[in-house]
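# Observations on the three-dimensional arrangement
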Amino acid sequence: MFDWHTLTIGSLGFLKMSSIEKVLHEYLPQQFSSLSIPLYVCATDIINNQTVFFSEGDLIPALLASSSIPVIYEPVKYKGTYLVDGGVINNLPVEILRNKCDKIIAVHVNHLSNEKKEISFKDIIEKSFHLSINHSVYSKLNAIDIFIDPPNMSKFSMFDTKNAPHIFEYAYDYTCQMKNMILSNLNL
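Presented here is an overview of the structure given in this document. None of the values given here were measured: they were computed from a predicted structure.

A tally of regular secondary structure across the chain gives five helices and six strands. When its helices and strands are written in sequence order, the chain yields α-β-β-α-β-β-β-α-β-α-α. Buried positions account for 34% of the 188 residues belonging to the chain. For the chain, the share of sequence-separated contacts (at least 6 apart) that also reach a separation of at least 24 residues comes to 62%.

Structural data, given as structure tokens:
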């Protein structure tokens, strides 16, 4: 299993992706073609300032790039450039799915809140990240059929890994409450 103690300090980010890469290699297929459901992965080419999509070839580098949060993790060097989290430019990359599926269901877990009146240094970093991506998310609502946006996700930190089961349970329960609306919109 994944062990945070195996993370190492990087030069272009606080942490290297090597431990995460090891876990992905252990539990996932190596190629997109081995997946039973088509998958599209979005990353940001930080050198060329553009969104990059992956849907074939090597799976693990695409997943690593897509999860490489800038400054926290080192970018992934790939074919002469550096890739980071796709959310830097495109946090709801639905355009790649147009004409490839009947319905588009989007999930957004970075809901913003203005409840806190006092904030910490960590809060400023996290909120700045979320503010930068939220406009692009909400501007794409007309391109999707179902939008799942649990309203109290802001009570969880994006770095709160110890509460991952609770976060999952909250989002799952919220989505289950939407079950009838979802099935109705999907005509099921």
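A separate point is unusual backbone geometry. The backbone phi angle of Asn 49 is positive, close to 55 degrees, even though this residue is not glycine. You can call Asn 49 exposed: its relative accessible area is 61%. Phi angles above zero are rare outside glycine, and Asn 99 is one such case at about 65 degrees. Inspection of the secondary structure puts Asn 99 in the loop between strand E4 (81-85) and strand E5 (105-107). Taking the relative accessible area as the measure of exposure, Asn 99 reaches 83% and is therefore exposed.

Looking only at helix H1 (residues 18-27), the buried set comprises Ser 19, Ile 20, Val 23 and Leu 24. Buried residues in H1, looked at end-on, bunch into an arc of 140 degrees, giving them a common side. Facing away from the buried side of H1 by more than 90 degrees, the exposed set consists of Lys 22 and Glu 26. Considering only its buried residues, H1 is in contact with helix H2 (59-66).

Attention now moves to the sheet that holds E4. Read across the sheet, four strands follow the order E2-E1-E4-E3 without closing on themselves; strand pairing throughout is antiparallel. On the outer flanks of this sheet lie strand E2 (50-54) and strand E3 (76-78), each paired with one strand and no other. Within the sheet, the average angular offset between the axes of one strand and its neighbour, ignoring direction, is 45 degrees. Note that strand E1 (residues 41-45) and E2 share five bridges and pair antiparallel. Counted as the bridge partner of Thr 44 is Thr 51 from E2. On the sheet, H2 packs against E1, E2, E3 and E4 and is oriented at approximately 65 degrees with respect to E1.

All right, on to the packing of aromatic side chains then. Remark: the centre distance and the inter-plane angle together describe each pair of aromatic rings, the angle taken between the planes. In the structure shown here, the tally under the stated rule is three aromatic pairs. Between the aromatic rings of Phe 54 and Tyr 78, the centroid separation amounts to 5.3 Å while the plane-to-plane angle is 80 degrees, which identifies the pairing as edge-to-face. Placement of the pair is Phe 54 in strand E2 and Tyr 78 in strand E3, with a sequence separation of 24 residues. Look at Phe 54 and you get buried, because its relative accessible area is 7%.

A few words on the packing of H1 against H2. At a closest axis distance of 10 Å, the pairing of H1 and H2 adopts a crossing angle of 140 degrees. Here H1 is positioned oblique relative to H2, judged by the angle of their axes. Relative to H2, the crossing made by H1 is right-handed. Contacts between H1 and H2 involve Ile 20, Glu 21, Leu 24 and His 25 on the former and, on the latter, Ile 60, Leu 63 and Leu 64. Of the residues that constitute the contact of H1 with H2, the class distribution is five nonpolar, one polar and one charged.

To continue, consider helix H4 (residues 164-177). With 14 residues, H4 extends 20 Å from end C-alpha to end C-alpha; this agrees with the ideal 20 Å at 1.5 Å per step. Taken residue by residue, H4 has Ile 167, Tyr 170 and Ala 171 as its buried positions. When H4 is viewed along its axis, its buried side chains cluster within an angular range of 90 degrees and face the same direction. Turned more than 90 degrees away from the buried face of H4, the exposed residues are Pro 165 and Phe 168.

Cut-offs and rules
Residues numbered from 1 in each chain as written. Predicted model: local features only at pLDDT ≥ 70, side-chain atom pairs only at ≥ 80, totals over all residues. Heavy atoms only, no water. Helix = DSSP H or I, 4+ residues; strand = E, 2+ residues; numbered from the N terminus. Buried < 20%, exposed > 50% of the residue type's maximum accessible area, 1.4 Å probe, protein only. Contact = heavy atoms within 4.5 Å. Arc of directions from axis to C-beta. Pairing = 2+ DSSP bridges. Axes fitted to C-alpha atoms, helices over the stretch in contact; angles between N-to-C directions. Phe/Tyr/Trp six-rings, centres within 6.5 Å; stacked < 30°, edge-to-face > 60°. Parallel < 35°, antiparallel > 145°, perpendicular 65-115°, else oblique. Left-handed = near helix turned anticlockwise from the far one by under 90°. Nonpolar A, V, L, I, M, F, W, Y, C, P; charged D, E, K, R; others polar. Expected span 1.5 Å × (residues − 1).

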